[in-house]
Amino acid sequence: MPRLRLLALPLAVAVMFGGAACSSTVSMTPAKGANDPACAEVSVRLPDTVDGQERRWTDAQATGAWGSPATVLLTCGLAAPGPSTLDCQTVDNVDWLIDGSEAPHYRFTTFGRTPAVEVYLDYDAVSGRDVLNALAAAVKTLPTDGRSCTERPTT
C-alpha cells in the first residue's frame, strides 16, 4: 500500500516548539478544505482542555491549539487519506493513522472520515490517547466514508 502523504505544518510547528509562548494567539495555516461545514461542526465542539492543556486562540479557520507553548495542534479540512502502511488505531470509535516518524512529535490523522482531521502533538508533554479521547466527541461529528482500521496479519 502507498504510504500516506503527510501535510507539513511548518508555521504551526515553528509556533509549537519555538519561542511563541508569549503570544496569546497561535498562528496556524488552514487546510484546503477548512471551509467545509463539517469542520465548523468540529470547531464548535472542541474542548476547553485536553490532557491538562488549556485551549488557545488560533488565527486560522477550523484549527485548534492547546498548551503554552502549544503542545497540541488540530487542523480540520484535509483530504481523506487513502490506504496506508501507517499504524491505525481506534480511540473512542474514531480511527486514526499514527505517524511517529518525528518522535516525540506525533501526527494523528483520522481515517474513514471526510474531511479529515490532523492532530499534531508533543508526546513529551501529553498522552496521545488522552488527547484523542478528549477530541473524540468533536471529531465523531464528521461523516464517515465506510473505511475503517483493519487488523494486520501477525507474523
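So, here is what we can say about the structure in this document. Predicted model, so just to flag it, every value in this text is computed and none were measured.

### Remarks on the overall build of the chain
1) Next: Scanning the chain from N- to C-terminus turns up three helices and nine strands.
2) Next: Element order for the chain, N to C, with α for helix and β for strand: α-β-α-β-β-β-β-β-β-β-β-α.
3) Next: The buried share of the chain, reckoned over its 155 residues, is 46%.
4) Next: When contacts within the chain are restricted to residue pairs at least 6 apart in sequence, long-range pairs at least 24 apart make up 62% of them.
5) Next: As displayed, the chain has an accessible area near 7,700 Å², and 52% of this comes from carbon and sulfur atoms.

### Re the packing of aromatic side chains
1) Next: Within the structure shown, the criterion is met by two aromatic pairs.
2) Next: The interplanar angle of 75° and the centroid separation of 4.7 Å between the aromatic rings of Y106 and Y123 together place this pair among those described as edge-to-face. Residue Y106 is found in strand β8 (residues 105–110), and its partner Y123 is found in the loop between β9 (116–122) and α3 (128–139); the two are separated by 17 residues along the sequence.
3) Next: Residue classification places Y106 among the partly exposed positions, given a relative accessible area of 22%.
4) Next: Taken together through their ring pairs, the aromatic side chains of Y106, F108 and Y123 make up a single cluster.
5) Next: Over the aromatic face of F111 sits the side chain of R147, whose NZ or CZ is 4.6 Å from the ring centroid.

### As for the environment of V119
1) Next: Mapping V119 onto the fold places it in strand β9.
2) Next: Taking C-alpha positions, V119 is 9.8 Å from I98, a pair spaced 21 residues apart along the chain.
3) Next: Leaving out residues up to four positions away in the same chain, V119 has contacts with V72, L73, L74, W96, Y106, R107, F108, V131, L132 and L135.

### Digging into the state of the cysteines
1) Next: Scanning the entire structure with this criterion turns up two disulfides.
2) Next: What pairs with C39 in a disulfide is C76, and their sulfur atoms sit 2.1 Å apart. Measuring the twist about the S-S bond at about -80°, one finds the C39-C76 disulfide to be left-handed. You can see C39 sitting in helix α2 (residues 37–43) and its partner C76 sitting in strand β5 (residues 72–78), a full 37 residues away along the chain. Here C39 matches C76 in class, with each residue buried.
3) Next: Disulfide pairing places C88 opposite C149 at an S-S distance of 1.9 Å.

Thresholds, definitions, all that
- Residues numbered from 1 in each chain as written.
- Predicted model: local features only at pLDDT ≥ 70, side-chain atom pairs only at ≥ 80, totals over all residues.
- Heavy atoms only, no water.
- Helix = DSSP H or I, 4+ residues; strand = E, 2+ residues; numbered from the N terminus.
- Buried < 20%, exposed > 50% of the residue type's maximum accessible area, 1.4 Å probe, protein only.
- Contact = heavy atoms within 4.5 Å.
- Areas by Shrake-Rupley, 256 points an atom, 1.4 Å probe, with all protein chains shown as cover.
- Phe/Tyr/Trp six-rings, centres within 6.5 Å; stacked < 30°, edge-to-face > 60°.
- Lys NZ or Arg CZ within 6 Å of the ring centre and 35° of its normal.
- Disulfide = S-S within 2.5 Å.

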